[in-house]
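Listed below are the residues making up each chain.
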Amino acid sequence: MSTETFPDTVASTISPDHFRAVMRHLPTGVAAICAEDPETGGPAGLIVGTFQSLSLDPALVTFSVARTSSSWPKVARARWFSVSLLADGQQPICKALSSKTGDKFQSISWTKSQFGTPHIDGALGWIDCAIREELDGGDHILIVAEVLQMQAAEGEPLVFHGGRLGSFRESAAS
Ligand SMILES: Cc1cc2nc3c(=O)[nH]c(=O)nc-3n(C[C@H](O)[C@H](O)[C@H](O)COP(=O)(O)O)c2cc1C
């Protein structure tokens, strides 16, 4: 057995490029985080690949947002937001909502939920959430949110892998 001891904290020497080069091998789903901006009354949103379930009871979800995001402050001030789980074929929606310029929602069809949040039409699932905590995540903020309501539709997911968008393919062995 090793007698080596480790310090409580270590200064990371991992460069952002190396970090990305390794993490690009992990496929993720594609989720649209949207809210009605209380300042403009219009929809605001962004795409995240970091969305995931956190706790079943209570029902909690999490994702991380870059501190440089201009859309997150608009969503955060609404306190309630929606998560639309994007379906295969919704690549143009992913492109529009991950853009830094232009009217993101110009060509996106969405429906207002009972919580006033925008649900992207044609998505595979919609989750309405309330922000519970915004935690320090280095150059990102780690969001923890409570699930208010959720519903699912049928279809195949949009998948992000190696910097590309694609679809899920079941392997023969499964
Ligand atoms: C597939 C994909 C996954 C992404 N995942 C994240 C993420 O988890 N966190 C994040 O902050 N930005 C993520 N982005 C980038 C944002 O969607 C987006 O580029 C940015 O927030 C848009 O700028 P704005 O917030 O200033 O409007 C992702 C983009 C794509 C295309």
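Throughout this description, residue numbers start from 1 for each chain and increase along the sequence as written. Given that the model is predicted, a residue must reach a pLDDT of at least 70 before its local features are reported, and side-chain atom pairs must reach 80 or more before they are shown or counted; all residues, however, enter totals for whole chains, interfaces and linings. Water and hydrogen atoms were dropped before computing side-chain values, which therefore reflect all heavy atoms in the structure.

Describing the overall build of the chain
Strands are runs of DSSP state E lasting at least two residues, helices are runs of H or I lasting at least four, and both sets are numbered from the N terminus onward. Scanning the chain from N- to C-terminus turns up three helices and 12 strands. If you line up the chain on its principal axes, its C-alpha atoms span 60 × 45 × 35 Å. Counting across all 174 residues of the chain, residues that qualify as buried make up 35%. Working rule for contacts: check all heavy atoms of both residues, and any pair within 4.5 Å makes them a contact. Considering only contacts within the chain whose residues lie at least 6 apart along the sequence, 64% involve residues at least 24 apart. Placing the 13 positive and 19 negative side-chain charges of the chain at their respective mean positions leaves the two points 8 Å apart. With a 1.4 Å probe rolled over the protein chains alone, any residue whose accessible area is under 20% of its type maximum counts as buried; one over 50% counts as exposed, and the rest are partly exposed. Working convention for charge: Lys and Arg count positive, Asp and Glu count negative, and His plus the chain ends are omitted. A single reference atom marks each charge: NZ on Lys, CZ on Arg, CG on Asp, CD on Glu.

A word on the layout of surface pockets
Buried and open spaces are told apart on a 1 Å grid over the protein atoms alone, a cavity being a set of points where a 1.4 Å probe fits but cannot get out and a pocket being an open set with protein on both sides within 12 Å along at least five of seven lines. Residues with an atom within 4 Å of a point are the lining residues. Grid points are joined across faces, edges and corners, and a volume is the space filled by probe spheres set on the points. Space inside the largest pocket adds up to approximately 1,500 Å³. In this structure, the largest pocket is lined by 46 residues; those nearest its centre are Ile 47, Val 48, Gly 49, Ala 66 and His 140. Listed by contribution, the elements that provide at least two residues to the lining of the largest pocket are helix H1 (16–23), strand S1 (28–29), strand S3 (43–48), strand S5 (60–66) and helix H3 (91–97). Considering every element that reaches the lining of the largest pocket, the biggest residue donor is S3, with six residues. Side-chain classes are defined by residue name, with Ala, Val, Leu, Ile, Met, Phe, Trp, Tyr, Cys and Pro counting as nonpolar, Asp, Glu, Lys and Arg as charged, and the others, Gly among them, as polar. Residues of the lining of the largest pocket, tallied by class, amount to 19 nonpolar, 19 polar and eight charged.

Looking at the site of the ligand
Taken together, 17 residues lie around the ligand, and Ile 47, Ser 69, Ser 70, Ser 71 and Lys 100 are the ones closest in. Taking Ser 70, its side chain carries an N or O atom lying 2.5 Å from an oxygen atom of the ligand. Accessible surface is estimated by sampling points in the Shrake-Rupley manner with a 1.4 Å probe; for residues, cover comes only from the protein chains shown. Burial of the ligand by the protein chains amounts to 82% of its free accessible area of 630 Å². Being in a pocket or cavity means that more than half of the molecule's atoms lie within 2 Å of its grid points. Structurally, the ligand is housed in the largest pocket. Within the residue set of the shell around the ligand, elements represented by two or more residues are S3 and S5. The criterion for a residue being near a molecule or strand is simple. One of its heavy atoms has to lie within 4 Å of it. Polar contact criterion, stated in full: a pair of N or O atoms within 3.5 Å, where within protein one must be able to donate a hydrogen and the other to accept it, and residues adjacent in sequence count only if both atoms are side-chain atoms.

Quick look at the UniProt feature "domain: Flavin reductase like" (unreviewed entry) in the chain
UniProt positions are given in the numbering used here, feature names are shortened, and annotations may be inferred rather than shown by experiment. Sequence positions flagged by UniProt for "domain: Flavin reductase like" (unreviewed entry) are, in local numbering, residues 23–167. Regarding residues 23–167, the helix share stands at 9% and the strand share at 49%, and the terminal C-alpha atoms are separated by 19 Å.

Let's talk about the nonpolar core
Proteins that are soluble and globular tend to have nonpolar side chains buried together. Buried residues of nine kinds, namely Ala, Val, Leu, Ile, Met, Phe, Trp, Tyr and Cys, make up a nonpolar core once their side-chain atoms join them within 4.5 Å. Ranked by size, the top nonpolar core spans 22 residues in total, and within it Ile 33, Phe 51, Phe 63, Trp 72, Phe 81 and Val 83 carry the most contacts. Broken down by secondary-structure element, the contributors of at least two residues to this core are strand S2 (31–36), S3, S5, helix H2 (72–76), strand S6 (80–85), strand S9 (125–137) and strand S10 (140–152). Counting residues per element, this core draws most heavily on S10, at four residues. Phe 81 has contacts with Ile 33, Cys 34, Ala 35, Phe 63, Val 75, Thr 117, Ile 127, Asp 128, Cys 129, Ile 131 and Ala 145, leaving out every residue within four places of it along the chain. One finds Ile 93, Cys 94, Leu 97 and Ile 120 within the second-largest nonpolar core, a separate group that totals 13 residues.

Thoughts on the sheet that holds S10
The antiparallel open sheet is built from seven strands, whose spatial order is S3-S2-S6-S9-S10-S5-S4. Where the open sheet ends on each side, the last strands, each with one partner, are S3 and strand S4 (52–55). Put simply, the sheet's adjacent strands are angled 40° from each other on average, direction ignored. When DSSP finds two or more bridges between a pair of strands, those strands are recorded as paired. Between the N-to-C directions of two axes lies an angle of 0 to 180 degrees, each axis being a line fitted to C-alpha atoms and, for a helix, fitted only over the stretch in contact.

Remarks on the sheet that holds S1
Ordered by their spatial adjacency, three strands build an open sheet running S1-S11-S12, and the pairing between neighbours is antiparallel. At either end of the open sheet lies a strand with only one pairing partner, and these are S1 and strand S12 (164–167). Sheet topology places S1 next to strand S11 (residues 158–161); two bridges connect them, and they run antiparallel. Bridged to Thr 28 within S11 is Phe 160.

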